[in-house]
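Take a look at the letters that make up each chain.
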Amino acid sequence: MIHPLKILFAVSEVAPFSKTGGLADVAAALPRALAAMGHDVRIVTPRYRGFAGSGERVASLRVASPLGPVGVDVVRVRLPGSSIPVYAVQDDRGWFDRDGLYQFQGRDFDDNLDRFAFFSRAVLDLPGAIDWTPDVVHCHDWQTALVPVYLQTRRRMNGSDASHPRTVLTVHNLGYQGTFPGEHFPATGLGWESFTPDGLEFYGRVNLLKGGLLAADVVTTVSPTYAREIQTEPYSHGLHGVLAARGTDLIGIINGIDVAEWNAARDPVLAASFSAAALDGKTACRDDLLRRLGLAPGPAPVLAMVTRLAYQKGVDLVVDLLPELLTLDLRVVILGTGDPAYEAALREWSAKAPERLAAVLRFDDALAHQVLAGADLFLMPSRYEPCGLSQLYAMRYGAVPVCHETGGLADTVVDYRPRSAREGRATGFLFRPCNADGLIRALQLALAVHCDRTAWRQLITAGMRADFGWERSAAEYVRVYRRALGRDRARHLTSP
Ligand code: ADP
């Protein structure tokens, strides 16, 4: 390797310490892949209540905040399976010492702006406290979108200064932008001159993600198709103008998965092991799943979802289609939590057809593995999907995805068509547009192919053998970091 980089990941959740979704998986796996390439990667994250890790206190600092100085303890833990330090930030106001990361019982915390403005300031102060200066701070989503804004402000105040790190901001889901009432803007600690349409103001509200998108040196998102989609109105949640303005600085890089954690040949929670070359164990996993969830035994295909129960995920389509789905020769398994209305509907339907539909309404990692190992089909009718990890896990565990052709789903699932099937490249079924008709048609095609044992086996094994590891994507991120740094040199050459 020519020149190792020093990269600080500033992120609001990291598996296995804290997790609400795919971001936590990425925040653990990408640093591991970068460290394996020889880069010095470190992670900074809030220390929430129930943070699943303990370590030594390595620094105590006072972080400035509009509400007065905040006392902070920094505890260093190690990311499991690596030597990567994770700096867990704990404040003396108890901002992170609550149940829930961003919300509780479906309601966002009122002081999320205070919490994450504070955390972003702590990210800025951390390098001084641990005597380690990153080349690049890699920020993620609205929670750390203020970091590029603060660094840009500092850079403007001090003039061009090579010692300031460059910033990369990755958008994992544009549907969550961190918006707050305009009158709360002082909580950012920024001057009102930043509360303008070409800054953090967005239709009278504070929009943290928008600020970060404009201030970061390079912006990335988690698939090439999503990078294109979000520059168009239907997918942009209002930010298409901002994103289109970043143009060539907006890069789509598909997420990988942790292939050690998702390895059906050595997964301790599965009833039997299996692989693309030896699929028999999958049948045992399927029987185990049916038994475990009280579903009727038998050869009918198992259709599964493991998902946040949210409108984005097309859960309403599935709920509306349940009467029809339950007339098909299927067993349906839905593992998810979220919108209480969807939870109630699923509970009701599973009570009506307990042998055909199991709705497990909790967050359960082990069961997620068991569901995918036992499933034949995996349904993902997301209205939009930045990358999606679940379909990757599904393919890896031999569950064939049926997905809306959008974002990362379009980039990772090879649609079953005459040619892709003939060439043995097909890995799933895509439909477009995202509606009940499209979904049912794709599912019927999938069920027809399922009857052809040879064709089905080919579909399963193509998915299981596909390369979803992090190496390729990590190499692309390194190019992005170098691009952000190159920008630094270019600015210096042109500065007086
Ligand atoms: P998103 O991040 O938008 O929720 P992804 O597909 O990118 O969607 O990632 C979701 C992650 O959360 C996957 O690891 C999935 O298996 C996991 N997951 C979602 N709901 C549950 C649940 N109820 N139990 C266990 N794992 C879940």
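If you're wondering where the values come from, they're calculated on a predicted model, not measured in any experiment.

### Let's talk about the overall build of the chain
Move 1: When you go through the chain residue by residue, the secondary structure sums to 17 helices and 20 strands.
Move 2: Whereas a compact globule of 496 residues would reach a radius of gyration of roughly 23 Å, the chain reaches 23 Å, a difference of no more than 12%.
Move 3: With respect to the three principal axes, the spread of C-alpha positions in the chain is 70 × 45 × 45 Å.
Move 4: Taken across its 496 residues, the chain has 58% of its residues classed as buried.
Move 5: Within the chain, contacts between residues separated by at least 24 positions form 71% of all contacts whose residues are at least 6 apart in sequence.
Move 6: As displayed, the chain offers around 20300 Å² of accessible surface, 51% of which is attributable to carbon and sulfur atoms.
Move 7: Of note, the chain has its 53 positive side-chain charges centred 4 Å away from the centre of its 54 negative side-chain charges.

### Quick word on the packing of helix α15 (residues 436-450) against helix α16 (residues 453-465)
Move 1: Axis separation between α15 and α16 bottoms out at 7 Å; the angle between their running directions is 115°. By the angle between their axes, α15 is roughly perpendicular relative to α16. Listed contacts from α16 to A446, V449 and H450 of α15 are R453, A455, W456 and L459.
Move 2: Here the residues of the contact of α15 with α16 are counted per class, giving five nonpolar, one polar and one charged.

### A short note on helix α1 (residues 22-36)
Move 1: Its 15 residues give α1 an end-to-end C-alpha distance of 21 Å, which sits within 8% of 21 Å, the value for a rise of 1.5 Å per residue.
Move 2: Taking burial as the measure, the 15 residues of α1 include 11 buried ones, the bulk of the element.
Move 3: All buried positions along α1 are accounted for by L23, A24, D25, V26, A27, A28, A29, L30, P31, A33 and L34.
Move 4: One or two positions beyond α1, positive phi appears at G38, with a value near 105°.

### Things to note about the site of the ligand
Move 1: Neighbouring residues of the ligand: 19 residues in total, closest G22, R308, K313, R362 and D364.
Move 2: Take R362: an N or O atom from its main chain is 2.8 Å from a nitrogen atom of the ligand.
Move 3: Here the ligand, which alone exposes 570 Å², has 92% of that area covered by the protein.
Move 4: At the level of secondary structure, the elements contributing two or more residues to the shell around the ligand comprise α1, β15 (302-309), β16 (331-338) and α12 (390-396).
Move 5: With three residues, β15 is the largest single contributor of residues to the shell around the ligand.

### Brief notes about the domain arrangement of the chain
By convention, interface size is frequently given as the accessible area that disappears when the constituent parts associate.
Move 1: The domain architecture assigned to the chain consists of domain 1 (6-256 + 472-485) and domain 2 (280-466).
Move 2: The distance between the C-alpha centroids of domain 1 and domain 2 comes to 32 Å.
Move 3: At the boundary of domain 1 with domain 2, total buried surface from both sides reaches about 1300 Å², with 57% on carbon and sulfur atoms.
Move 4: Considering only the surface of domain 1 that becomes buried against domain 2, T225, Y235 and I254 emerge as the three largest contributors, covering 25% of it.
Move 5: Our count for the domain 1 to domain 2 interface comes out at zero salt bridges.

### Focus on the nonpolar core
Move 1: In terms of nonpolar packing, the biggest core is built from 78 residues, with L325, L377, V402 and L443 touching the most fellow members.
Move 2: The next biggest cluster of nonpolar side chains, apart from the first, holds 61 residues, and it includes L8, V74, F96 and Y226.

### Here we look at the sheet that holds strand β8 (residues 136-140)
Within a sheet, neighbouring strands are paired by backbone hydrogen bonds and run either parallel or antiparallel to one another.
Move 1: As summarised here, the arrangement of the nine strands in space is β3-β4-β5-β2-β1-β8-β9-β13-β14, forming an open sheet in which the pairing is mixed. A single partner strand is all that each edge strand has here, and the edge strands are β3 (56-63) and β14 (250-252). Averaged over all adjacent pairs, the angle separating strand axes in this sheet is 25°, with direction ignored.
Move 2: With four bridges joining them, strand β1 (residues 6-10) and β8 adopt parallel strand pairing. By the bridge assignment, F9 is partnered in β8 with H138.
Move 3: Sheet strands in contact with α1 are β1, β2 (40-46) and β8, and its direction is about 160° off that of β2.
Move 4: Along the sheet, helix α3 (residues 146-158) makes contact with β8 and β9 (166-171), crossing β8 at roughly 140°.

### Some remarks on unusual backbone geometry
Move 1: The omega torsion of the bond from A15 to P16 falls at 5°, within 30 degrees of zero and hence cis.
Move 2: As for its placement among the helices and strands, P16 is situated in the loop between β1 and α1.
Move 3: Put simply, R432 and P433 share a cis peptide bond, and its omega is -5°.
Move 4: Position of P433 among the secondary structure elements: in the loop between β20 (429-431) and α15.
Move 5: Within the chain, D131 stands out as a residue other than glycine whose phi angle is a positive 55°.
Move 6: As for its position among the elements, D131 is in the loop between α2 (112-130) and β8.
Move 7: Classification of D131 by relative accessible area gives exposed; the value is 74%.
Move 8: Phi angles above zero are rare outside glycine, and Y203 is one such case at about 50°.
Move 9: Its location among the elements puts Y203 in the loop between β11 (201-202) and β12 (205-207).
Move 10: With a relative accessible area of 74%, Y203 lands in the exposed category.

### Considering the pairing of β2
Move 1: Counted residue by residue, β2 has six buried out of seven residues, so it is predominantly covered.
Move 2: Sheet analysis places β1 next to β2, joined by five bridges and oriented parallel. When the sheet's bridge partners are listed, K6 is paired in β2 with D40.
Move 3: A crossover connection joins β1 to the parallel β2 through α1; in handedness this β-α-β unit is right-handed.

Reading guide: rules and limits
- Residues numbered from 1 in each chain as written.
- Predicted model: local features only at pLDDT ≥ 70, side-chain atom pairs only at ≥ 80, totals over all residues.
- Heavy atoms only, no water.
- Helix = DSSP H or I, 4+ residues; strand = E, 2+ residues; numbered from the N terminus.
- Rg over C-alpha atoms; globule rule 2.2 N^0.38 Å.
- Buried < 20%, exposed > 50% of the residue type's maximum accessible area, 1.4 Å probe, protein only.
- Contact = heavy atoms within 4.5 Å.
- Areas by Shrake-Rupley, 256 points an atom, 1.4 Å probe, with all protein chains shown as cover.
- Lys, Arg positive; Asp, Glu negative; His and termini not counted.
- Charge placed at Lys NZ, Arg CZ, Asp CG, Glu CD.
- Axes fitted to C-alpha atoms, helices over the stretch in contact; angles between N-to-C directions.
- Parallel < 35°, antiparallel > 145°, perpendicular 65-115°, else oblique.
- Nonpolar A, V, L, I, M, F, W, Y, C, P; charged D, E, K, R; others polar.
- Expected span 1.5 Å × (residues − 1).
- Near = heavy atom within 4 Å.
- Polar contact = N/O pair within 3.5 Å; in protein donor to acceptor, adjacent residues only side chain to side chain.
- Domains from an automatic or database assignment.
- Buried area = accessible area lost by both parts, 1.4 Å probe.
- Salt bridge = Lys/Arg side-chain N within 4 Å of Asp/Glu carboxyl O.
- Core = buried A, V, L, I, M, F, W, Y, C linked by side-chain atoms within 4.5 Å.
- Pairing = 2+ DSSP bridges.
- Right-handed = clockwise from strand over helix to strand, strands pointing away.

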